[in-house]
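Structure assessment
If you want the building blocks of each chain, they are given just below.
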Amino acid sequence: MNSKANDSGAEILATPATDTEGLSVPRHVAIIMDGNGRWAQGRGLSRTEGHRRGMEAVRNAVETSRELGVSYLTLFSFSSENWTRPPLEIQFLFGLLRLFIQRDLADLNAKNVRVRVIGSRERLTSDIKGLLDKAETLTMRNRGLTLVIAFNYGGRDELTRTMRAIGEDVAAGRLPASAIDEQLISSRLDTSFMPDPDLVIRTSGEMRLSNFLLWQAAYAELVFLPLYWPDFDRAAYLEAVREFSSRARRFGGIAARRSP
Ligand code: IPE
Ligand code: IPE
Ligand code: MG
């Protein structure tokens, strides 16, 4: 509820939640959740404490997506390049994923959230694979927000796996090479079940994609926020959506097309 002072100095109550009015809401928001380590180090805490706090921001992002009516929320949680980090940090990140699913899955399911996971499952332990399968199976029929967890995900890795599978089909005579077009490639990617992202947000001030959704983000609007992921709250989310709303998307054409 917003409040402001009138001429006599008394507080009057304004109409609630007008801050989302008139916003064009992206159908698919994809977020590079960056800056946990720096958030923690700036406070004299361990990097892992930053990751732990980042989980709270994940819950906020899910809630705000539901409030806004976003259909797909993709969260970059662990990249195919994050294996180069110290083993203890990797272990902690895997532990957090486990904890998130164990603690939040029932609540997400009750909120009609459908969970999907993208990325390679090859190097994952069988307990993690089991949990990811469980989350997807339990929520498969939900029709609310689709929450996509990009775990052990890299755009180049995804494209490589996809090219290999298509190549095998061609070699076996199941697919003529002439049938390979953009639509076919999209339909074979990990993300085949959803539209391309309209908005990609990255926190932490870094301005790069770090191998996130390279194919799919071809025409996404990019918004870089100068705050660390644990500080990403509803206000920061709305700021990014407001920025998205103000952009003219042209998709290579000339007439400005309004965002969906
Ligand atoms: C993002 O925070 C989380 C992951 C990449 C898993 P970082 O751990 O990258 O934090 P910074 O960027 O080093 O501050
Ligand atoms: C991108 O962040 C990966 C995730 C948020 C999971 P990184 O921290 O790994 O990216 P770089 O190393 O700064 O490019
Ligand atoms: Mg980082």
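Residues numbered from 1 in each chain as written. Chains lettered and ligands numbered in written order. Predicted model: local features only at pLDDT ≥ 70, side-chain atom pairs only at ≥ 80, totals over all residues. Heavy atoms only, no water.

In the annotation of an unreviewed UniProt entry, the chain is listed under the name Isoprenyl transferase and assigned to Kaistia geumhonensis. According to UniProt, the comment filed for the chain under the heading Subunit (unreviewed entry) is "Homodimer." Here is the UniProt Sequence similarities (unreviewed entry) comment for the chain, exactly as written: "Belongs to the UPP synthase family." (UniProt positions renumbered as here; feature names shortened; annotations may be inferred.)

Now for the overall build of the chain. Across its full length, the chain carries seven helices and eight strands. Along the first, second and third principal axes, the C-alpha set of the chain runs to 80 × 50 × 35 Å. Every one of the 260 residues in the chain was classed for burial, and the buried ones make up 43%. Restricting the contact set of the chain to residue pairs at least 6 apart, pairs at least 24 apart contribute 72%. Carbon and sulfur atoms make up 50% of the accessible area of the chain, which amounts to about 13600 Å² in all. Each charge class in the chain was averaged separately, 35 positive and 32 negative side chains, and the resulting centres sit 3 Å apart. (Helix = DSSP H or I, 4+ residues; strand = E, 2+ residues; numbered from the N terminus. Buried < 20%, exposed > 50% of the residue type's maximum accessible area, 1.4 Å probe, protein only. Contact = heavy atoms within 4.5 Å. Areas by Shrake-Rupley, 256 points an atom, 1.4 Å probe, with all protein chains shown as cover. Lys, Arg positive; Asp, Glu negative; His and termini not counted. Charge placed at Lys NZ, Arg CZ, Asp CG, Glu CD.)

Within the element layout of this structure, Glu-89 appears in helix α3 (residues 87-110). C-alpha separation for the pair Glu-89 and His-51, spaced 38 residues apart in sequence, amounts to 9.4 Å. Setting aside residues up to four positions removed in sequence, Glu-89 forms contacts with Arg-47 and His-51. One polar contact links Glu-89 to His-51, side chain to side chain, over a distance of 2.8 Å. (Polar contact = N/O pair within 3.5 Å; in protein donor to acceptor, adjacent residues only side chain to side chain.)

So, about the nonpolar core. Counting residues in hydrophobic clusters, the biggest one holds 47 residues, and the most contacted among them are Ile-31, Leu-73, Leu-147, Phe-232 and Tyr-237. Looking at this core element by element, the count peaks at nine residues for α3. Those residues in contact with Phe-232, other than ones at most four positions away along the chain, are Ile-31, Ala-57, Asn-60, Ala-61, Ile-201, Thr-203, Leu-225, Leu-227 and Tyr-237. In terms of nonpolar packing, the next biggest core, distinct from the first, is built from 15 residues, Ile-32, Phe-193, Val-200 and Leu-213 among them. (Core = buried A, V, L, I, M, F, W, Y, C linked by side-chain atoms within 4.5 Å.)

With that out of the way, let us pick up the site of ligand 1. Around ligand 1 lies a shell of 13 residues, among which Asp-34, Gly-37, Arg-38, Arg-47 and Arg-85 are the nearest. Between an oxygen atom of ligand 1 and a main-chain N or O atom of Gly-37, the distance comes to 2.9 Å. Taking Arg-85, its side chain carries an N or O atom lying 2.7 Å from an oxygen atom of ligand 1. In isolation ligand 1 exposes 370 Å². Once the protein is present, 87% of that is buried. Assessed atom by atom at 2 Å from the grid points, ligand 1 resides in the largest pocket. Listing elements by their share of the shell around ligand 1, those giving two or more residues are α1 (36-41), α2 (47-68) and α3. In terms of residues, the shell around ligand 1 owes the most to one element, α1, which gives three residues. (Near = heavy atom within 4 Å. 1 Å grid on protein atoms, 1.4 Å probe; cavity = no way out; pocket = protein on both sides within 12 Å on 5 of 7 lines; lining within 4 Å. Sits in = over half its atoms within 2 Å of the grid points.)

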